[in-house]
Amino acid sequence: MQERVAELRASLQAAETEGALEAIRIRYFGRHGEVPRLLASLGTLPPERRREAGRAINNFKALAEKAIEERRAELAPARPKGPAFDATLPGRPVPEGSIHPISRMCRRIVEIFRRLGFALADGPEVENEFYNFDALNTPPDHPARNEQDTFFLKDSTLLPAAPFRGGGRLLLRSQTSPVQIRAMEKQRPPIRIIAPGRCYRRDEIDATHSIAFFQVEGLVVEESASLRELKGTLELVFRELLGQETRFRFRPHYFPFTEPSFEIDGFRPSPAKTGKEWLELCGCGMVHPKVLSGAGIDPDRYSGFAFGFGIERLLMIVEEVPDLRLFTENDVRFLRNQSCPV
Ligand code: DAH
């Protein structure tokens, strides 16, 4: 064994490269190497010599492994001292969250209205019948007040944070229009507000219907609010959102809280996924005198206009989103692909 160790040491000293070293390792430890051969030879020895020979072979094996590793360490290129850190390596990407498409669209809408002098307002999602219906001149027999259409709350311990006037059952607001009433209670004209927020309706869920969705409400009350101003304001906003080439149609409609009332349709010369050229965008009208006087504003002195539209609907048009459910499923592949530039 002595000579074997000396021989190994000598060849290790002579090895100058990793390759030469590897050849030595294979010579000793490879499948047909020295060590397996020695171990196999144990079986040919008389039993009384096996124990001693086995020990000698194991000693050699341990020595050889150690000697090879020591030589490997000597041959390894010298590492620079200091921390093993390379500042020139590119960083590992950290997955980033992103703003939800609805929030982004919302910010974009608010930003456009801000330039026109609108302030941000809001109201509670848990309302009562007075704010959601009566104060908006909606008669008790109006279909929207039906239990089939609106979520009424059974448990009135779920009391909302906002102060409540009027009465009636508590409900999840079916529109953002009650914010108009709250704004008029808080503030005297001139009023110029925009109020994005969530609304709830009892609907069968499908690609275009949801039980919870976002609307943007707008209200202007001043001495000279006019249909002309309403038209100019909304056309400007929707042109920014849908493209300057968009054309508009003001279609007479009915809302209890405005008179006259309209629905605005937008015409897109190249309808993509929707396949329709005229798309319904927004409800609007001149605030009904009863709504003004109910909120303590003199309808002979002031006039107002109001409007409301759905944010998801707008996103479906602008970004060609085919299914409303994508907004709430939170599939990152969808969220990542949204390109609303804000
Ligand atoms: N609240 C209406 C709805 O949910 C939308 C609306 C129409 C709002 C006309 C308005 C308005 O302020 O003037 O369908």
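For the structure itself, look to the data block above.
Conventions used here
- Residues numbered from 1 in each chain as written.
- Predicted model: local features only at pLDDT ≥ 70, side-chain atom pairs only at ≥ 80, totals over all residues.
- Heavy atoms only, no water.
- Core = buried A, V, L, I, M, F, W, Y, C linked by side-chain atoms within 4.5 Å.
- Buried < 20%, exposed > 50% of the residue type's maximum accessible area, 1.4 Å probe, protein only.
- Helix = DSSP H or I, 4+ residues; strand = E, 2+ residues; numbered from the N terminus.
- Phe/Tyr/Trp six-rings, centres within 6.5 Å; stacked < 30°, edge-to-face > 60°.
- Pairing = 2+ DSSP bridges.
- Salt bridge = Lys/Arg side-chain N within 4 Å of Asp/Glu carboxyl O.
- Polar contact = N/O pair within 3.5 Å; in protein donor to acceptor, adjacent residues only side chain to side chain.
- Axes fitted to C-alpha atoms, helices over the stretch in contact; angles between N-to-C directions.
- Parallel < 35°, antiparallel > 145°, perpendicular 65-115°, else oblique.
- Contact = heavy atoms within 4.5 Å.
- Nonpolar A, V, L, I, M, F, W, Y, C, P; charged D, E, K, R; others polar.

S.K.: Any chance you could explain the nonpolar core here in plain terms?
M.R.: Considering soluble globular proteins, one finds that nonpolar side chains tend to be buried as a cluster. One finds Phe-238 and Phe-307 to be the most contacted residues of the largest nonpolar core, which totals 39 residues. For this core, the secondary-structure elements that each account for two or more residues are helix H5 (101-115), strand E5 (212-222), helix H8 (227-242), strand E7 (258-267), strand E8 (278-287), strand E9 (303-310), helix H10 (311-318) and helix H12 (332-337). In this structure, Phe-130, Tyr-131, Ala-183 and Ile-297 belong to the second largest nonpolar core, which totals 23 residues.

S.K.: Please clarify how the packing of aromatic side chains should be interpreted in this entry.
M.R.: For the coordinates displayed, the defined rule picks out 11 aromatic pairs. Considering the side-chain rings of Phe-118 and Phe-307, the 6.3 Å spacing of their centres and the 65 degrees angle between planes classify their relative orientation as edge-to-face. In this pair, Phe-118 is assigned in the loop between H5 and strand E1 (119-120) and Phe-307 in strand E9, connecting sequence segments 189 residues apart. Take Phe-118 and Phe-307: they sit in the same class, and that class is buried. Plain terms: the ring middles of Phe-238 and Phe-309 are 5.0 Å apart, the flat faces sit at 65 degrees to each other, and that makes the pair edge-to-face. Of this pair, Phe-238 sits in helix H8 while Phe-309 sits in strand E9, and the two are 71 residues apart along the sequence.

S.K.: What am I meant to see in the pairing of E5 here?
M.R.: Along a regular strand, successive side chains alternate from one face of the sheet to the other. Counting buried residues in E5 gives 10 out of 11 residues, a clear majority hidden from the surface. Where strand E4 (residues 191-200) meets E5, 10 bridges bridge the pair, whose relative direction is antiparallel. In the strand pairing of E5, Arg-198 is matched with Phe-214. Sheet analysis places E5 next to E9, joined by eight bridges and oriented antiparallel. Following the sheet pairing, Gly-218 is matched in E9 by Phe-307.

S.K.: What am I meant to see in the pattern of salt bridges here?
M.R.: Two side chains that carry opposite charge are able to pair once their charged atoms sit near each other. Applying the stated criterion across every chain yields a total of 26 salt bridges. Its salt-bridge partner being Glu-185, residue Arg-165 comes within 2.7 Å of it at the nearest N-O pair. Placement of the pair is Arg-165 in the loop between helix H6 (129-132) and strand E3 (170-172) and Glu-185 in helix H7 (residues 178-186), with a sequence separation of 20 residues. Of the charged contacts, one joins Glu-222 and Arg-192 as a salt bridge, the two residues approaching to 3.6 Å between their closest N and O atoms. Of the two residues, Glu-222 is situated in strand E5 and Arg-192 in strand E4; the sequence distance between them amounts to 30 residues. Through salt bridges with shared partners, a single ionic network connects Glu-18, Glu-22, Arg-25, Glu-69 and Arg-72.

S.K.: What is the right way to look at the side chain of Gln-215 in this model?
M.R.: Tracing the backbone shows Gln-215 in strand E5. A relative accessible area of 12% means that Gln-215 is categorised as buried. In terms of polar contacts, Gln-215 uses its side chain to reach the backbone amide nitrogen of Thr-176, at 2.9 Å.

S.K.: Is there a simple way to explain the packing of H5 against H10 in this structure?
M.R.: To characterise two packed helices, one gives the angle between the axes of the helices and the distance between these axes. H10 packs onto H5 with a crossing angle of 95 degrees between their chain directions and a minimal axis gap of 10 Å. With respect to H10, the axis of H5 lies roughly perpendicular. Along its contact with H5, which presents Pro-101, Ile-102, Met-105, Cys-106, Arg-108 and Ile-109, the element H10 presents Ile-311, Glu-312, Leu-314, Leu-315 and Val-318. Along the lines of polarity and charge, the residues of the contact of H5 with H10 split into nine nonpolar, no polar and two charged.

S.K.: Whenever I open this one, the pairing of strand E6 (residues 247-255) confuses me. Can you help?
M.R.: Direction of pairing for E6 relative to E7: antiparallel, over a ladder of eight bridges. Paired with Arg-249 across the strands is Asp-265, a residue of E7.

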